[in-house]
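# Report on the structure
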Amino acid sequence: MATYESRNRHYRRERLHISRTKAVQALLLVTMLSFALALLRSPAISAVFEVVKFPILTAAVYSLFYARPIIKLNVSSIIMWLFVALVTFSTVYNSPSSPALVASIGVFVAIGIYFQAIANLNEPNILLEPLLRVFALVVALTSVVYLPFPSSYIGGRFAAGFINTNVAAGFFAIAVVVVSYTLMFDKLRMFHIFLLLVLVLLLLLTKGRGALIAAGIPVSIMLITNWRNQSKKTNLMRLILLVLAVWLSLKMDFGDTTDATRLGLLSYRAFELGAREMIIEQHLGAFWHSPFFGAGAVINKWEPYARVSGESSYSDLLALSGGIGISLIAVLIIRALLVHWREPNSRLGFYVLLTTLLLASSEGYFVSIASAVSIILWSLLAVSPSKAVSK
């Protein structure tokens, strides 16, 4: 009788754990989609999700802490809180009287809280298969309907329904990597082949050089690390990549491409930093002025050595947190990549994390929690298999 009751209690605990896990996954998926929909060009839709996205994120964080009420500190979360403390100190030291002091620090405290909520779970696969695959599917199905409409193109570049092409390109890059992984390592389905081809087409239409690299490098690593795998799906992936490489080599152009029709719809632009070059120079100037602790999180374009708003996450991190801060983030990145690579159930996380890290080189995903890509990035960075220290 006692054995039966013990098994019954264990069964109920397992059922409760599964139901909580599904609830957390559903809330996190809704959070990512809400942040994505807030970037739509439709004022009626974006305004609604702009209002509800942070309450939804708050509910997701609450559910994460509710699922694991005891705070657990592992190596990754300790590194993250050290980074938040460094940014707080640097900001207070450099801008003690700034009216934006509290709000600027608050962004990184919010990142730290979300990071801790994910790290509390201590389960590498909690965010992977279900969330990322559904996200990729939703991105593909909701974006492809915009293809025939001229209003979906900004300066000859496909933006789907989003406010700019870089947002769309980032989502497509992540979706391409997720579907490529699914096609290579899961059961071969014609639907996934069709979905991958659609996503590659959408990504190419954005003419996003950074996003193309962010998707191409992880997919290439998939193929190289599984080179001896001669299955039909692996060979199919190689064929798709080869056709894409040949096509790009024929369409690449390094001249003036202001005329979007000169090389056709899928032409590519010359590599240039544009306005980012000046922003990176300002970031480096702020770093050299305070190389150890940085200039802090307050953005002030009128001060010569203050942090300025920019699209390059890594130079921005260097400016606001100095050499110490960027070193902490580098350790966090390396650790997360190794964790995802070594965990069999988290290998998809390695490829998606690598994609978001590459996307962050030209976008500010590392210094924010206010975008779907940022949420994916910080979620995957927070994973750690180490034994946690209860606090």
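This is a predicted model, so every value here is computed, not measured. (Residues numbered from 1 in each chain as written. Predicted model: local features only at pLDDT ≥ 70, side-chain atom pairs only at ≥ 80, totals over all residues. Heavy atoms only, no water.)

## Focus on the environment of T206
Within the secondary structure layout, T206 lies in helix α7 (residues 190-206). In this structure T206 comes out as buried when scored by relative accessible area, which is 0%. Spatially, the C-alpha atom of T206 lies 9.5 Å from that of N164, the residues being 42 residues apart in sequence. Each residue touching T206, except ones within four places of it in the same chain, is listed here: R157, F158, T165, A168, A169 and F172. Side-chain polar atoms of T206 contact the backbone oxygen of L203, separated by 2.5 Å. (Helix = DSSP H or I, 4+ residues; strand = E, 2+ residues; numbered from the N terminus. Buried < 20%, exposed > 50% of the residue type's maximum accessible area, 1.4 Å probe, protein only. Contact = heavy atoms within 4.5 Å. Polar contact = N/O pair within 3.5 Å; in protein donor to acceptor, adjacent residues only side chain to side chain.)

## Quick notes on the packing of helix α11 (residues 313-342) against helix α12 (residues 347-359)
Between α11 and α12, the least distance of the axes is 9 Å, while the angle of their chain directions is 160°. Put simply, α11 runs roughly antiparallel to α12. In the packing of α11 onto α12, the handedness of the crossing is left-handed. Together, Y314, I333, A336, L337, H340 and W341 of α11 and R347, G349, F350, Y351, L353, L354 and L357 of α12 make up the contact between the two elements. For the contact of α11 with α12, the per-class residue count stands at 10 nonpolar, 2 polar and 1 charged. (Axes fitted to C-alpha atoms, helices over the stretch in contact; angles between N-to-C directions. Parallel < 35°, antiparallel > 145°, perpendicular 65-115°, else oblique. Left-handed = near helix turned anticlockwise from the far one by under 90°. Nonpolar A, V, L, I, M, F, W, Y, C, P; charged D, E, K, R; others polar.)

## Examining the environment of L202
Mapped onto the elements of the fold, L202 is located in helix α7. Owing to a relative accessible area of 0%, L202 belongs among the buried residues under this scheme. A C-alpha to C-alpha distance of 8.8 Å links L202 and A168, two positions 34 residues apart in sequence. Excluding anything up to four places from it in sequence, L202 contacts A140, S143, V144, L147, F158 and F172.

## Examining the nonpolar core
Counting residues in each nonpolar core, the largest one holds 98 residues, and the members touching the most others are Y114, F366 and W378. The leading source of residues in this core is helix α6 (residues 165-185), at 15 residues. In contact with F366, not counting residues within four places along its chain, are I111, S313, Y314, L317, I329, I333, L357, A360, L377, W378 and L381. (Core = buried A, V, L, I, M, F, W, Y, C linked by side-chain atoms within 4.5 Å.)

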